[in-house]
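Structure assessment
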Amino acid sequence: MTDSNDQDQKKVLHLSGSGKGKLELKKPVETQVRQSFSHGRSKPVTVEVKRKRAVEKGALPGVADGGAAARQAAQGIPVRGVPGQRQRGGGGGAVRQLTNQEREARIRALQGAAEDNRRRAEEEAEAAVLAAEAAARAAEEEASQPAPVVEEEPEILDAETLRQRELAELRGIEEAERAKAQEAERRRQEEEAKRKEADEAKRKDTEQTRPQGAGARPAAGGAGARTASTTEAPVARGPGAPAAPRFGEEEDDRRGKPGNKKAPAPAPVRKAAPGADRRKGSKMTVSQALSDEGGERTRSLAAVRRARERERLRQMSRQETQKVTRDVVLPEVITVQELANRMAERGADVIKQLMRMGVMATINQTIDADTAELIIAEFGHRVRRVSEADVEVGLRLNDDAETALVPRPPVVTIMGHVDHGKTSLLDALRQTDVVSREAGGITQHIGAYQVQLESGAKITFIDTPGHAAFTEMRARGANVTDVVVLVVAANDGVMPQTIEAIHHAKAAKVPIIVAINKIDLPDAKPDRVRQELLQHELVVEELGGDIQTVEVSAKAKRNLDKLEEAILLQAEILELKANPERTAEGVVVEAKLERGRGSVATVLVQRGTLKVGDVFVTGSEWGRVRALVNDRGQSVEQAAPASPVEVLGLNGTPLAGDDFTVVESEARAREIAEFRQRKKREAANAASARGSLQDMFSRIQAGEAKELPVVIKGDVQGSIEAISNALEKLTAENTEVKVRVLHASVGAINESDITLANASNAMVIGFNVRANPQARDMAKRDSVEIRYYSIIYNVIDDVKAALTGMLSPTLRERFIGYAEIREVFNITKVGKVAGCMVTQGTVKRGAGCRLLRDNVVIHEGTLKTLKRFKDEVKEVREGYECGMAFENYDNILAGDIIEAFEIEEVAREL
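Reference entry: report on the structure contained in this document. (Residues numbered from 1 in each chain as written. Predicted model: local features only at pLDDT ≥ 70, side-chain atom pairs only at ≥ 80, totals over all residues. Heavy atoms only, no water.)

Things to note about the overall build of the chain
Applicable threshold: For helices the rule is a DSSP run of H or I covering at least 4 residues; for strands it is a run of E covering at least 2, with both sets numbered from the N terminus onward. The buried label applies to any residue whose accessible area, calculated with a 1.4 Å probe on protein chains only, is under 20% of its type's maximum; exposed applies above 50%, and partly exposed to all values in between. Whether two residues are in contact is decided by their heavy atoms, any of which lying within 4.5 Å being enough. Here, Shrake-Rupley sampling with a 1.4 Å probe gives the accessible areas, and only protein chains in the shown set may cover a residue.
Helix and strand content of the chain: 24 helices and 36 strands. Out of the 910 residues belonging to the chain, those deemed buried represent 36%. Put simply, 68% of the contacts in the chain that link residues at least 6 apart link residues at least 24 apart. Looking at the chain as shown, the accessible area adds up to about 54600 Å², and 49% of this sits on carbon and sulfur atoms.

Section: the sheet that holds strand E24 (residues 707–714)
Put simply, the rule reads: What makes two strands pair is DSSP finding at least two bridges between them. For helices, the fitted axis covers only the stretch in contact; all axes are lines through C-alpha atoms, and the angles between them, taken along N-to-C directions, range from 0 to 180 degrees.
Ordered in space as E25-E24-E26-E27, the four strands form an open sheet in which the pairing is parallel. Unpaired on one side and paired on the other, strand E25 (738–746) and strand E27 (786–789) mark the two borders of the sheet. Averaged over all pairs of adjacent strands, the angle between strand axes in this sheet comes to 25°, irrespective of strand direction. Pairing geometry for strand E26 (residues 763–767) and E27, over four bridges, is parallel. Bridging from a neighbouring strand, Val764 pairs with Ile786 of E27.

Details of helix H22 (residues 751–760)
Within the sequence span of H22, burial applies to Ser752, Asp753, Ile754, Thr755, Leu756 and Ala757. Of the residues flanking the end of H22, it is Asn761, one or two places downstream, whose phi is positive at about 55°.

Quick notes on helix H11 (residues 347–356)
Convention followed: In this description, the arc belongs to the directions extending from the helix axis to the C-beta atoms.
For H11, the complete set of buried residues consists of Gly347, Val350, Ile351, Gln353 and Leu354. All buried residues of H11 lie within an arc of 160° about the axis, which places them on one face of the element. Contacts made by the buried residues of H11 are with helix H10 (336–343) and helix H12 (369–378). The first or second residue beyond H11 is Gly358, which carries a positive phi of 90°.

Re the sheet that holds strand E11 (residues 483–489)
In space, the six strands of this open sheet follow the order E9-E10-E8-E11-E12-E13, with mixed pairing throughout. Edge strands, defined here as strands with exactly one partner in the open sheet, are strand E9 (448–452) and strand E13 (548–551). Between one strand axis and the next, the sheet turns by 30° as a mean value, whatever way the strands run. Against the sheet, helix H16 (residues 496–508) contacts strand E8 (411–416), E11 and strand E12 (512–517), and its axis sits at roughly 170° relative to E11. Packed on one face of the sheet, helix H18 (residues 560–574) meets E8, strand E10 (458–462), E11, E12 and E13 and runs near 165° to E13.

Quick notes on the nonpolar core
To keep it simple, the criterion reads: Buried Ala, Val, Leu, Ile, Met, Phe, Trp, Tyr and Cys residues form a nonpolar core when they are joined through side-chain atoms within 4.5 Å.
Counting residues in each nonpolar core, the largest one holds 23 residues, and the members touching the most others are Leu425, Phe461, Val485, Leu563 and Ile567. Secondary-structure elements contributing two or more residues to this core are E8, helix H13 (422–431), E9, E10, E11, E12 and H18. Here Leu563 is in contact with Leu425, Leu429, Val485, Ile513, Ala515, Val550 and Val552, once residues within four sequence places are set aside. One finds Val484, Ile519, Ala524 and Val540 within the second-largest nonpolar core, a separate group that totals 22 residues.

Observations regarding the packing of aromatic side chains
Here a ring pair, both rings aromatic, is described through the centre-centre distance and the interplanar angle of the planes. What counts, and what does not: Centres within 6.5 Å are what make two rings of Phe, Tyr or Trp a pair, Trp counting through its six-membered ring; a difference in plane orientation under 30 degrees is then read as stacked, over 60 as edge-to-face, and the rest as tilted. The criterion is that NZ of a Lys, or CZ of an Arg, lies within 6 Å of the ring centre and within 35 degrees of the ring normal, and then a charge sits over that ring.
Across all of its chains, the model carries three aromatic pairs by this definition. Relative to Phe660, the ring of Phe616 has its centre 4.5 Å away and its plane inclined at 25°; by these criteria the two rings are stacked. Here Phe660 lies in strand E23 (residues 659–663) and Phe616 lies in strand E18 (residues 615–618), a separation of 44 residues in the sequence. Look at Phe886 and Tyr889: their rings are 6.3 Å apart centre to centre, the planes differ by 90°, and that puts the pair in the edge-to-face class. Its end group placed over the ring of Tyr788, Arg770 keeps NZ or CZ at 4.6 Å from the ring centre.

A short note on the pattern of salt bridges
Rules: Salt bridges are identified by distance alone: a Lys or Arg side-chain nitrogen within 4 Å of an Asp or Glu carboxyl oxygen.
Enumeration according to the criterion identifies 50 salt bridges in this entry. The partner of Arg408 in a salt bridge is Asp482, and the shortest N-O contact between them spans 3.0 Å. With a gap of 74 residues between them, Arg408 in the loop between strand E7 (406–407) and E8 and Asp482 in the loop between helix H15 (468–475) and E11 connect regions that are remote in the sequence. Each of Glu115, Asp116, Arg118, Arg119, Glu122, Glu191, Glu192, Arg195 and Asp199 takes part in one network of salt bridges that share partners.

Written out as structure tokens, the structure reads:
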């Protein structure tokens, strides 16, 4: 019976809410609309609208549908399926209905809660809007302010500083929001207090005017429920209340099946209050994001930071970056890549600039220094040209301060004729050495040694047998010796080798002291020696000159102290000083290769102090000082200025006269030595073209020389004098060229003559004499040509021819032919071409020509082209036609005459 009643109660017909008393089932409302498409198309669409099922506020606790329960109570149907509620009268009685007072109290409570929620949502939305507007305004002000322009360089902040700044900004924003929130809370509390007072007054008025009856009609509950259904459903239900059934379900299903429990539906989405920030709500739909409803979206901190960074970059881009100008070191040849690297430019930009200049080069190709200099100038850099010889720049510097200079011993070279007592004088001077006398005598190991006098002064003597080393030093421009002591025998007078020594001393530009030796002999004539020296421009003090003379006797050891005093006096006049604190520099006196010791060089230190372990360069060789040996055979750790020492540790044997310089590293020494070796090889390859007389003529014609140096050796003095006088007369009337006789003496050609000729680029003339084997070997090695003559006229003719080649040639014009212009043709890309007939002589291509118009010369130049029947020809003879065109000139007319001529060079004669 119960089951049938339950089935009958599933579909209950009742009056609709319209109040017309019509029984009907609620049906969905259908609406037909027209949907529009593109291109003017449309389509009618039927839309079904379902009404929202509202939950009535007067529902019983625990009942899912309060409206249904109220309706059942109004119709007298008992409510079932409510757990924990006991039915009256054995299940036939009606449920207890709310009184009017309870219903009104509940309605007031629900309305008050809804009003509180609405007011709180509005206040929160207003506070959020104010905070968002303040934050946006602050961000806009910061973004609108231009970033400070840094003149020197932009401020670079580290990560810690940026983090602190961001924290400070966030802290400021939070404080502003907190202050606004406190103000909103204060306002809310004031309004809450006012509202409570109003509610309390209203409640008192209601209690005074309400009816005293407690009963109520069953329909009142339904009416109250329907009245309360106008409020929002989320406020009516508590958090634990079950969801309302969907439209079309029947209430009695749950009542008939108490075990059938459905999962509660998710809570409805709470819509944000108007004006509030939508992001503080729950989910946001696409339509809400695209529409302008709700509060404004404020800029986030990340957006403000990005805007600030963009503004900073914009300000930095506005500043004009000044281009860095660099000093570019430019060698003789450089690759495009290396040039770009030295300028700090892109290789593609350099190649583009080369293309604009008409040079097609890849990144790895080499260009010359002139083109690279133009490229560097185009990019705005400075050029510093260097060459291979720049490796020696700064090798020998004369930058010693005056305060660092200290006196040094003089360097003296003793020269003279053979058998004039030079060796005996050296031995006598050696015996005056105090140190050697105390040691019991010394042994000379090298060609230079020092002597310490009784006064404590020191003198350095250099032994130069054959004078070869001395001449080599002069040829390399090294001023090694300070004073030259010229030894002349009192009984022999001035001899040929004495004159040669005088020439060497004058070439070196050093003072000369004459030591007249052998004055103890009976046939000694010192005055005759002084008279003979006058012939060689040496005026002694006794005759009113400035040349000191000392009469000595090496055998009798007479006046040796006077000779030493004269040397010291001359050194004092010269004020010889050196800086011992700088790196050592000197000259190689002689070098040799010894078994067990390797290459050994005798070095005279000129400046600085030479120490063991120093890296040095001498000529085309380099090395490290392994040991230093003085003139007494003792090993020393260092050598002061003007000290002669033997140096061990060379990797090769240098030449006598090479400079000796200490450098800072082995790499620098190796670089300089390789450069000098390369130059030496190039000079050796070019030396084959230097020795002949014909090549000397060509060099003279090229303007490389205006002076012809010669060395004359003859059999007799008369022949030498005749040749010298004849050569001097050749240039007596001509000031452009002249002959310079370096040395003229009697005897065979020896090594000294070859050395002198090699040092001065002179030619050696041998008149009825020959060179010894040693001299021939040296001449072959140094590429010095020796010319032998037996007739004096041949000597004069060859020298005259050499002097004639030194004179500038005379230019002479020679007429070759005439041509008459018959017709003028204007040819594209060529210009005007004259069709001519050769009337006299010959016309040659490349010859000079004049254009005559009415026998007046209007142009003089050269022919650009000469053709006959479209063929380029070298010349056109008389009676033939041809086509001619002038170089850079086209003002020609028919009837003009072309005069052709040639320029000849005629050699001048003395």
